[in-house]
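# Remarks on the overall topology
Take a look at the letters that make up each chain.
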Amino acid sequence: MSDSTEPRENRLKRMKMRSMRRGIKEMDIILERYADETLESMTEAELDLYDALLHENDQDLYQWVTGQQPAPDRFKRLISAISVAISGER
């Protein structure tokens, strides 16, 4: 997913925008909060995974984050981190 020619600053801005402009309001709120709290400190590999997650369907994402359905293996740790971040627990 990573475009090696895209400067990190531009990438972060794009990903923040994609995080807050989703298909359903709940995911706007969840991912905007997560992005604001974590994107700046993510490694390139973590950004690649989060970028891939942003391409997933909002209905699926919502079910994964809320625990209604298990997340695919490649996203399990990231979904868990998002769930913890939005719960306010650390």
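That block above? That's the structure.
Thresholds, definitions, all that
Residues numbered from 1 in each chain as written. Predicted model: local features only at pLDDT ≥ 70, side-chain atom pairs only at ≥ 80, totals over all residues. Heavy atoms only, no water. Helix = DSSP H or I, 4+ residues; strand = E, 2+ residues; numbered from the N terminus. Rg over C-alpha atoms; globule rule 2.2 N^0.38 Å. Buried < 20%, exposed > 50% of the residue type's maximum accessible area, 1.4 Å probe, protein only. Contact = heavy atoms within 4.5 Å. Areas by Shrake-Rupley, 256 points an atom, 1.4 Å probe, with all protein chains shown as cover. Expected span 1.5 Å × (residues − 1). 1 Å grid on protein atoms, 1.4 Å probe; cavity = no way out; pocket = protein on both sides within 12 Å on 5 of 7 lines; lining within 4 Å. Points joined across faces, edges and corners; volume = space filled by probe spheres on them. Nonpolar A, V, L, I, M, F, W, Y, C, P; charged D, E, K, R; others polar.

## Structural notes on the overall build of the protein chain
Helix and strand content of the protein chain: 5 helices and 0 strands. Starting at the N terminus and ending at the C terminus, the protein chain contains elements arranged as α-α-α-α-α. Computed over the C-alpha atoms, the radius of gyration of the protein chain is 12 Å, within 12% of the 12 Å expected from 2.2 N^0.38 for a compact globule of 90 residues. Put simply, the protein chain has 90 residues, and 34% of those count as buried. Excluding contacts between residues fewer than 6 apart, the proportion of contacts in the protein chain whose partners are at least 24 apart in sequence is 60%. Total accessible area computed for the protein chain in this model is approximately 5,600 Å², and 48% of it derives from carbon and sulfur atoms.

## Some remarks on helix H2 (residues 25-38)
Under the 1.5 Å per step criterion, the end-to-end length of H2 is 20 Å for 14 residues, consistent within 8% with the ideal 20 Å. Among the residues of H2, those classed as buried are Met 27, Asp 28, Ile 30, Leu 31, Tyr 34, Ala 35 and Thr 38. Check the buried side of H2 and you find it contacts helix H1 (8-20), helix H3 (44-54), helix H4 (58-65) and helix H5 (76-87).

## Quick look at the layout of surface pockets
Of the pockets and cavities examined, the largest pocket occupies roughly 200 Å³. Together, Tyr 34, Thr 38, Ser 41, Met 42, Glu 46, Leu 49, Arg 77, Leu 78 and Ala 81 line the largest pocket. Counting only elements with at least two residues in the lining of the largest pocket, the list comes to H2, H3 and H5. Examining the composition of the lining of the largest pocket, we find that 3 residues originate from one element, H5, more than from any other. For the lining of the largest pocket, a count of residues per class yields 5 nonpolar, 2 polar and 2 charged.

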